[in-house]
Amino acid sequence: MVHTYVSPAWLPSGGIAEVVRGGQPQPPMAMVRLLVRREGSVFCVPREDSGSLDLPTRRLGRLDGDGTDIARLLASEITLADASVEYVGCVRNIVFQPDKDYGWPVPVARFGVWSTHEPPRIPGVWIATGEDSPLVTRHWYPLLSGA
């Protein structure tokens, strides 16, 4: 575990979010993100819900898998190639008392990050990952130090 968010604003009261590096992906995986790095920056695209820049992301329709198949599919969509992926880690939400607005599995939901070395071949933006990066507020950001 590389970071813990205690009672973060995005979770119901009493929730915890743990950033876990490495290991094997485990269900329930609620969402997958793809990390593509280049010289101190990462490849980002606009989020479907807000338009803000983030890692390429796909929400899983089924929660019984570990997300690896969706990560491979996402990598292929971004790189336009048969790209291999490597599991980096996840943000693990732990919520025992969900409120009506919390739409993820309880008590545990995982939001995984996979990386690929294949370059992106779709439009996007490279964003620096240093201390002044706009990405420092992303829940997955602590995973970058070990990726």
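For the structure given in this document, a descriptive report is provided here. Quick caveat: nothing in here was measured; it's all calculated off a predicted structure.

Definitions and limits used
- Per chain, the residues get numbers from 1 upward, laid out in the order the sequence is written.
- In keeping with the predicted nature of the model, local features appear solely for residues at pLDDT of at least 70, side-chain atom pairs appear and are counted solely at 80 or more, and the whole-chain, interface and lining totals rest on all residues.
- Each side-chain value is worked out from all heavy atoms of the structure, with water and hydrogens disregarded.
- A run of H or I in DSSP counts as a helix once it spans at least four residues, and a run of E counts as a strand once it spans at least two, with each numbered from the N terminus.
- Both definitions apply: the radius of gyration is a C-alpha atom measure, and the globule rule equals 2.2 Å times residues to the power 0.38.
- In this scheme, a residue with accessible area under 20% of its type's maximum is buried, one over 50% is exposed, and one in between is partly exposed, where area comes from a 1.4 Å probe on protein chains only.
- Whether two strands pair comes down to DSSP finding at least two bridges between them.
- Inter-axis angles, ranging from 0 to 180 degrees, are taken between N-to-C directions of lines fitted to C-alpha atoms, where helices are fitted over the stretch in contact.
- Take the residue count of a helix, subtract one, and multiply by 1.5 Å to get its expected span.
- Contacts are assigned to residue pairs with any non-hydrogen atoms lying within 4.5 Å of each other.
- The nonpolar core is taken to be a set of buried Ala, Val, Leu, Ile, Met, Phe, Trp, Tyr and Cys residues, with the residues joined through side-chain atoms within 4.5 Å.
- Take a side-chain nitrogen of Lys or Arg and a carboxyl oxygen of Asp or Glu: if they are within 4 Å of each other, that pair is a salt bridge.
- Any Phe, Tyr or Trp ring, taking Trp's six-membered ring, that has another such ring centre within 6.5 Å forms a pair; planes under 30 degrees apart are called stacked, those over 60 apart edge-to-face, and the others tilted.

**Describing the overall build of the protein chain**
- Counting its regular elements, the protein chain contains one helix and ten strands.
- Ordered by position in the sequence, the α and β elements of the protein chain form the string β-β-β-β-β-β-β-α-β-β-β.
- On C-alpha atoms alone, the protein chain measures out to a radius of gyration of 15 Å, which is about the 15 Å that the 2.2 N^0.38 rule sets for 147 residues.
- Each principal axis of the C-alpha atoms in the protein chain carries an extent, and together these give about 40 × 35 × 30 Å.
- Burial status across the protein chain gives 44% buried among its 147 residues.

**A short note on the sheet that holds strand β9 (residues 108–115)**
- With mixed pairing, the six strands of this open sheet are ordered in space as β1-β2-β8-β9-β3-β7. Because the sheet does not close on itself, it has two edges, and the strands there are β1 (3–6) and β7 (57–59). Sheet twist, expressed as the mean angle between neighbouring strand axes with direction ignored, is 15 degrees.
- Across eight bridges, the pairing between strand β8 (residues 86–94) and β9 is antiparallel.

**A short note on unusual backbone geometry**
- For the bond running from Pro27 to Pro28, omega is -5 degrees, close enough to zero to count as cis.
- Checked against the element boundaries, Pro28 lands in the loop between β2 (16–21) and β3 (29–35).
- Cis geometry marks the peptide bond from Val106 to Pro107; its omega dihedral reads 0 degrees.
- As for its position among the elements, Pro107 is in the loop between β8 and β9.
- The backbone of Glu39 sits at a positive phi, close to 40 degrees, despite the residue not being glycine.

**As for helix α1 (residues 68–79)**
- Here α1 spans 16 Å end to end across twelve residues, near enough to the 16 Å set by a 1.5 Å rise per residue.
- Elements in contact with the buried residues of α1: β3, β5 (41–46), β7 and β9.
- Within two residues after α1, Leu80 carries a phi angle of roughly 55 degrees, on the positive side.

**Points about the nonpolar core**
- The biggest cluster of nonpolar side chains holds 23 residues, and the ones touching the most others in it are Leu35, Val42, Leu55, Val113, Leu135 and Trp140.
- Counting residues per element, the ones that place at least two in this core are β2, β3, β5, β8 and β9.
- In terms of nonpolar packing, the next biggest core, distinct from the first, is built from 17 residues, Val45, Ile78, Tyr87 and Trp114 among them.

**Section: the pattern of salt bridges**
- What the rule picks out here adds up to nine salt bridges.
- Its salt-bridge partner being Asp101, residue Lys100 comes within 3.7 Å of it at the nearest N-O pair. By the burial criterion, Lys100 is exposed, and Asp101 matches it.
- Through salt bridges with shared partners, a single network forms among Arg33, Arg47, Asp49, Asp54 and Arg138.

**Topic: the packing of aromatic side chains**
- Enumeration over the complete set of coordinates arrives at four aromatic pairs.
- Aromatic pair Tyr5 and Trp10: ring centres 5.0 Å apart, planes at 75 degrees, arrangement edge-to-face.

**Notes on the pairing of β9**
- Burial of β9 is extensive: seven of the eight residues sit out of reach of the surface.
- Where β3 lies against β9, six bridges are found, and the strand directions are parallel. Residue pairing for β9: Arg33 is matched across the bridge by Val113.

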